[in-house]
Amino acid sequence: MRFTLGSVAAIAVVVVGGYFALRPVTIKEAERTTREQVQVEGRLVASAGLSDGVLHGDARALAHLDDLVQAQILDTSVVRVKVWSRDGTILYSDEPALVGKHFALGADELALFRQGGAKADLSDLSKPENRYERPEGKLLEAHTAIRTPNGTQVLFEIYERFASVSANGSRLLRALAPPILAGLLILLLFQVPLAWSTAARLQRGHRERERLLASAIEASGQERRRIAADLHDGVVQDLAGVAFGLAPIADDAERRGAAAEASALRDAIARLRHGVRGLRTLLVEIDPPSLESTGLEAALSDLLSSLEAEGIATELHVDDGATAGSTGDPLVYRAAREALRNVHSHAAAASVRVDVTRPAAETTRLVVTDDGRGFGAAERERRRAAGHVGLTLLEGLVAQAGGTLTVRSAPGEGTTVELEVPAT
Ligand SMILES: Nc1ncnc2c1ncn2[C@@H]1O[C@H](COP(=O)(O)OP(=O)(O)OP(=O)(O)O)[C@@H](O)[C@H]1O
Ligand SMILES: [Mg+2]
């Protein structure tokens, strides 16, 4: 769409710009044509209409010249003819009122007597010599010097309508416009489909990538669930069974009075049970309770209950409608899990508080605050160097999802982990 608009704008610039660029060219061209015209017509007048009588106002000579001018020179574009003597007297004009009037000739006009040739310019209709031409509108005047039969030089002048001059220019523009426009249109016709297909390809690629990513995530989820199921149905059941089976044997040993044997068996049973508990915890980690079925609030409350079991006071607030929806909730859950795990392992806190709010329509915010021992940047750096990267990994995940993670802490001041994720 943008591409098409841009192309149309470019065509408009070419057409309008071309019009203004060509206009002066066509006017120059018209002036040249008018100069040629005044020379051709000047030669015609000199050879066929101009007699020496014109120089001193002879009526027959003037009438003869007038016949020629009326018949051969005046037409719809040439509207006036004047013949000047060198001193600025109008010897002849098709406008009788001008004959015999005197107006000073300009320097360029006088130069034509010496150098020959012709010149053409826009008429200055405010000049008194041009007062009879005013009703004709914009005019181009052209001069050339010609000679009477006895060799006296006079100045021959014609006035041409500017409209017919600019009509020439318009004709030139009209002739040039179709090929230019056709060329641009062809360019557009070739490029629009190209741009269209490129955009479509990009979009397809984008969708394909999203699909691949989604299926990769789905595949890893399936794999995790499979491992969890195998562990649960295999190793966990076996170990639980062994512990179960050992208990009567230990009782038996005790009855027989084999105290050492009995205590070794009880120790083994205790360790097996501990191992099974550990495996069950691991199962929950590998395949966490589905947030969709249990809901974020219940999942967070589960996370907190293990802290509570250790005597830490906990508080949980989830605002109505604050959860981030299917895409954001797992991230909120993971962030809360890492933060609470850190509280459990590092904070030595007396209380911890979890808040989930929606500060803006498109954002979900999770805040986990503890009143534990806190930590400084140097400590975190040291732990990171030793391979403890829980928060760092989390930062990466959050950035990938377009969210922000802020960890505020100082030794002795507790720790606040704040997460903001886009909510859908
Ligand atoms: N709530 C907290 N109270 C006190 N110290 C903390 C807290 N959270 C993090 N820390 C400090 O910051 C360090 C970095 O935490 P991070 O979660 O990145 O790594 P870790 O917990 O040490 O190891 P991992 O998460 O990889 O098992 C911790 O080792 C700890 O010193
Ligand atoms: Mg950690």
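These numbers were taken from a predicted model, which means no experiment stands behind them. (Residues numbered from 1 in each chain as written. Chains lettered and ligands numbered in written order. Predicted model: local features only at pLDDT ≥ 70, side-chain atom pairs only at ≥ 80, totals over all residues. Heavy atoms only, no water.)

A. Focus on the coordination of the magnesium ion (ligand 2). For the magnesium ion (ligand 2), the full set of protein donor atoms is E338 (OE) and N342 (OD1), and the range of their distances to it is 2.0 to 2.1 Å. In this pair, E338 and N342 are both assigned in helix α8 (residues 325-347), 4 residues apart and thus about one turn of the helix distant. (Donors = N, O, S within 2.8 Å, 3.2 Å for Na, K, Ca; no water. Helix = DSSP H or I, 4+ residues; strand = E, 2+ residues; numbered from the N terminus.)

B. Focus on the sheet that holds strand β4 (residues 139-147). Spatially, the 5 strands line up as an open sheet ordered β2-β1-β5-β4-β3, and their pairing is antiparallel. Every other strand in the sheet has two partners, leaving β2 (90-93) and β3 (118-122) as the edge strands with one partner each. Put simply, the sheet's adjacent strands are angled 20° from each other on average, direction ignored. Strand direction decides the pairing type here: strand β1 (residues 78-84) and β2, joined by 3 bridges, are antiparallel. When the bridges of β2 are listed, V83 appears paired with Y92. Against the sheet, helix α2 (residues 59-73) touches β1, β2 and β5 (153-161), its axis set at about 45° to β2. Sheet strands touched by helix α3 (residues 107-115): β3, β4 and β5. Its angle to β4, the strand with the most contacts, is close to 30°. (Pairing = 2+ DSSP bridges. Axes fitted to C-alpha atoms, helices over the stretch in contact; angles between N-to-C directions. Contact = heavy atoms within 4.5 Å.)

C. Structural view of the site of ligand 1. In the vicinity of ligand 1, 14 residues are found, and the nearest of them are N342, H346, E379, R383 and L391. Between ligand 1 and E379 there is a distance of 2.7 Å, counted from an oxygen atom to a side-chain nitrogen or oxygen. Contacts to ligand 1 include R383, whose side-chain N or O atom sits 2.7 Å from an oxygen atom. Elements with a contribution of two residues or more to the shell around ligand 1: α8, α9 (377-385) and α10 (390-400). (Near = heavy atom within 4 Å. Polar contact = N/O pair within 3.5 Å; in protein donor to acceptor, adjacent residues only side chain to side chain.)

D. Representation of the domain arrangement of the protein. Taken domain by domain, the protein consists of domain 1 (2-171) and domain 2 (292-422). Placing the centre of domain 1 and that of domain 2 at their C-alpha centroids yields a distance of 92 Å. (Domains from an automatic or database assignment.)

E. Expanded view of the pattern of salt bridges. This model, assessed by the stated rule, comprises 26 salt bridges. Salt bridges linked by common partners bring R80, K82, D94 and E133 together as one network. (Salt bridge = Lys/Arg side-chain N within 4 Å of Asp/Glu carboxyl O.)

F. Structural detail: the sheet that holds strand β6 (residues 313-318). The strand order β6-β7-β8-β10-β9 describes an open sheet built from 5 strands, whose pairing is mixed. Across the chains shown, the open sheet's two edge strands, defined by having one partner strand only, are β6 and β9 (404-409). Sheet twist, expressed as the mean angle between neighbouring strand axes with direction ignored, is 10°. Looking at chain direction, β9 and strand β10 (residues 415-422) are connected through 6 bridges and run antiparallel. Among the inter-strand pairings, V407 is bridged to a residue of β10, identified as V417. On top of the sheet, helix α7 (residues 296-308) reaches β6 and β7 (351-360); it is set at about 170° to β6, its chief contact. Against the sheet, α10 touches β9 and β10, its axis set at about 150° to β9.

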